[in-house]
Amino acid sequence: MFEIRSRPDPVVWADDDKTGPFSRQELEFYRTNGYIKVEGLFDVDEIQTYCEKLTTGKDELEEDIKSNKEEFISTDNYTCVTEPGSTKIRSIYSPHKFLPAANQLCRDRRLLGRVRQILDSDVYMHHTRLNCKQQFKGTGFYWHSDFETWHTEDGMPRPRCLTCMVLMTRNLPQNGALMVIPGSHRHYISCAGPTPDNHWISSLQDRYIGIPNQEALSQMVKEGGIHYCTGEAGSVFFFDCNLLHGSQANFSPWDRMNFFLVYNSVDNKLVPPFGPPKPRPETLGTRDPAWVQPITPLEKPTDE
Ligand code: AKG
């Protein structure tokens, strides 16, 4: 048995008549579908420079992983996860805490202005993550709602949170572009079973818990279809934290890299988790007062 409930919370928290950057029509699209694409928000050269800076140290990390024979490394500053059974990096969590370029991107006005418009408040980073999905080796992500995890395991009270997915490379169906189920963010789907302690360790590679069952997924797809979030490097998808999404493996010869910037409202700070007794690490869900400060926008992209 599963239960589908309507979402009582808003999707767009601001009044529609607040001025820009999103137009009234764009806000309506986001409210209805749970996502919106802004084509070419960054130009390709700018994103190429970010890509080089964000992957600084990635090869050394892979070497570390190889020599330690570990599938993940978690420190106070970052968490790094490999593809299952491989030394290839799948995700690096919270690069904004140690890479100035990642931190700079979080503070870019082109992102921040839109995020603050939707959430109608100041915001801070819940986390950031770089998903590498390397050629031939990158595996998929099963259907899930991020808010399910962030609420249950991190203690995020309400869905007043969103993700900016910055395309760092071209995203195609062939290299495992993100798929979303439009409209699914307007429902809460109950997921079977309690969340075990330390579930986050296995769930970052593959997840079997906290996912909607096939009947619920079929119903959501019947209503909203499946949309591929494809585009060129530099385009950005803004998506609601409760939107069902997933992606397929990358068997192609083309890398697919995306940077996920997760902004939470300062009026929606984390409380103790609603599921397991212990919250996930700081790198996945920030509660450190030093990092839960309103993000100030940079004057110009090249300020720092
Ligand atoms: C996640 O990191 O939770 C995702 O769903 C990302 C999917 C992807 O990078 O294709």
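Please read all numbers here as calculations on a predicted model, not as lab measurements.

Here's the deal with the overall build of the protein chain
Part 1: Of regular secondary structure, the protein chain possesses eight helices and 14 strands.
Part 2: Rg of the C-alpha trace for the protein chain: 18 Å, near the compact-globule value of 19 Å for 304 residues, within the 12% margin.
Part 3: Across its three principal axes, the protein chain shows a C-alpha extent of roughly 50 × 50 × 40 Å.
Part 4: When burial is assessed residue by residue, the protein chain has 54% of its 304 residues classed as buried.
Part 5: A separation of at least 24 residues holds for 84% of the contacts in the protein chain among residues at least 6 apart in sequence.
Part 6: Of the roughly 13400 Å² that the protein chain leaves accessible, carbon and sulfur atoms contribute 51%.
Part 7: Looking at the protein chain, you have 33 positive and 41 negative side-chain charges, and the mean spots of the two groups are 2 Å apart.

Digging into the layout of surface pockets
Part 1: As a volume, the largest pocket reaches approximately 420 Å³.
Part 2: Every residue lining the largest pocket is counted, 20 residues in all, and those nearest its centre are Arg5, Phe147, Glu148, Tyr188 and Ile189.
Part 3: Sorting the residues of the lining of the largest pocket by element identifies helix 6 (146–152) and strand 10 (187–189) as the ones contributing at least two each.
Part 4: Per-element accounting of the lining of the largest pocket gives the leading share, four residues, to helix 6.
Part 5: Classifying every residue of the lining of the largest pocket gives nine nonpolar, seven polar and four charged.

With respect to the pattern of salt bridges
Part 1: Counted under the stated rule, the structure contains 13 salt bridges.
Part 2: In this structure, the salt-bridge partner of glutamate 28 is arginine 31, at a minimum N-O distance of 2.5 Å. Of this pair, glutamate 28 and arginine 31 both sit in helix 1 (residues 24–33), separated by three residues, roughly a single helical turn.
Part 3: Taking relative accessible area as the criterion, glutamate 28 reaches 36% and is therefore assigned partly exposed.
Part 4: As a salt-bridge pair, glutamate 39 and lysine 37 come within 3.5 Å of each other at their nearest N and O atoms.
Part 5: A relative accessible area of 57% means that glutamate 39 is categorised as exposed.
Part 6: Take lysine 37: its relative accessible area is 28%, and that puts it in the partly exposed class.
Part 7: One continuous salt-bridge network, built from bridges that share partners, spans Glu46, Asp108 and Arg110.

Side note on helix 5 (residues 109–119)
Part 1: Residues of helix 5 that are buried: Leu111, Leu112, Arg114, Val115, Gln117, Ile118 and Leu119.
Part 2: After helix 5 finishes, the residue aspartate 120 shows a positive phi value of roughly 55°.

Examining unusual backbone geometry
Part 1: One non-glycine residue, serine 94, lies in the positive phi region at around 65°.
Part 2: Structurally, serine 94 is set in the loop between strand 5 (89–93) and helix 4 (100–106).
Part 3: In the Ramachandran plot, lysine 133 falls in the positive-phi region, its phi being about 35° despite a non-glycine side chain.
Part 4: As for its placement among the helices and strands, lysine 133 is situated in the loop between strand 6 (123–131) and strand 7 (141–144).

Focus: the pairing of strand 6
Part 1: Counting buried positions over the nine residues of strand 6 gives nine, a clear majority of the element.
Part 2: As paired strands, strand 5 and strand 6 are joined by three bridges and run antiparallel to one another. Pairing of tyrosine 93 across the sheet is with arginine 129, part of strand 6.

A few points about the site of the ligand
Part 1: Neighbouring the ligand are the residues Arg129, Asn131, Lys133, Phe141, His144, Asp146, Leu178, His245, Ser247, Arg256 and Phe260.
Part 2: Arginine 129 is positioned with one of its side-chain polar atoms (N or O) 2.8 Å from an oxygen atom of the ligand.
Part 3: Computed on the free molecule, the ligand has an accessible area of 290 Å², of which 96% lies beneath the protein chains in the complex.
Part 4: The set of elements that each furnish at least two residues to the shell around the ligand consists of strand 6, strand 7 and strand 13 (245–247).

Re the state of the cysteines
In protein chemistry, a disulfide is the covalent bond that joins the sulfur atoms of two cysteines.
Part 1: All chains considered together, the criterion is met by zero disulfides.
Part 2: A disulfide-free cysteine, cysteine 132 has its sulfur positioned 7.8 Å from the sulfur of cysteine 80, the nearest such atom.
Part 3: Residue class for cysteine 132 comes out buried when judged on its relative accessible area of 1%.

Let's talk about the sheet that holds strand 14 (residues 258–265)
Part 1: Spatial ordering of the open sheet is given by 2-12-8-14-6-5-4-3, a layout of eight strands whose pairing is antiparallel. What marks the edges here is a single partner per strand, and that holds for strand 2 (35–38) and strand 3 (72–74). Taken over all neighbouring pairs, the strand axes of this sheet differ in orientation by 15° on average, direction set aside.
Part 2: Summarising the sheet, strand 2 and strand 12 (residues 236–240) pair through four bridges and their orientation is antiparallel.

Cut-offs and rules
- Residues numbered from 1 in each chain as written.
- Predicted model: local features only at pLDDT ≥ 70, side-chain atom pairs only at ≥ 80, totals over all residues.
- Heavy atoms only, no water.
- Helix = DSSP H or I, 4+ residues; strand = E, 2+ residues; numbered from the N terminus.
- Rg over C-alpha atoms; globule rule 2.2 N^0.38 Å.
- Buried < 20%, exposed > 50% of the residue type's maximum accessible area, 1.4 Å probe, protein only.
- Contact = heavy atoms within 4.5 Å.
- Areas by Shrake-Rupley, 256 points an atom, 1.4 Å probe, with all protein chains shown as cover.
- Lys, Arg positive; Asp, Glu negative; His and termini not counted.
- Charge placed at Lys NZ, Arg CZ, Asp CG, Glu CD.
- 1 Å grid on protein atoms, 1.4 Å probe; cavity = no way out; pocket = protein on both sides within 12 Å on 5 of 7 lines; lining within 4 Å.
- Points joined across faces, edges and corners; volume = space filled by probe spheres on them.
- Nonpolar A, V, L, I, M, F, W, Y, C, P; charged D, E, K, R; others polar.
- Salt bridge = Lys/Arg side-chain N within 4 Å of Asp/Glu carboxyl O.
- Pairing = 2+ DSSP bridges.
- Near = heavy atom within 4 Å.
- Polar contact = N/O pair within 3.5 Å; in protein donor to acceptor, adjacent residues only side chain to side chain.
- Disulfide = S-S within 2.5 Å.
- Axes fitted to C-alpha atoms, helices over the stretch in contact; angles between N-to-C directions.

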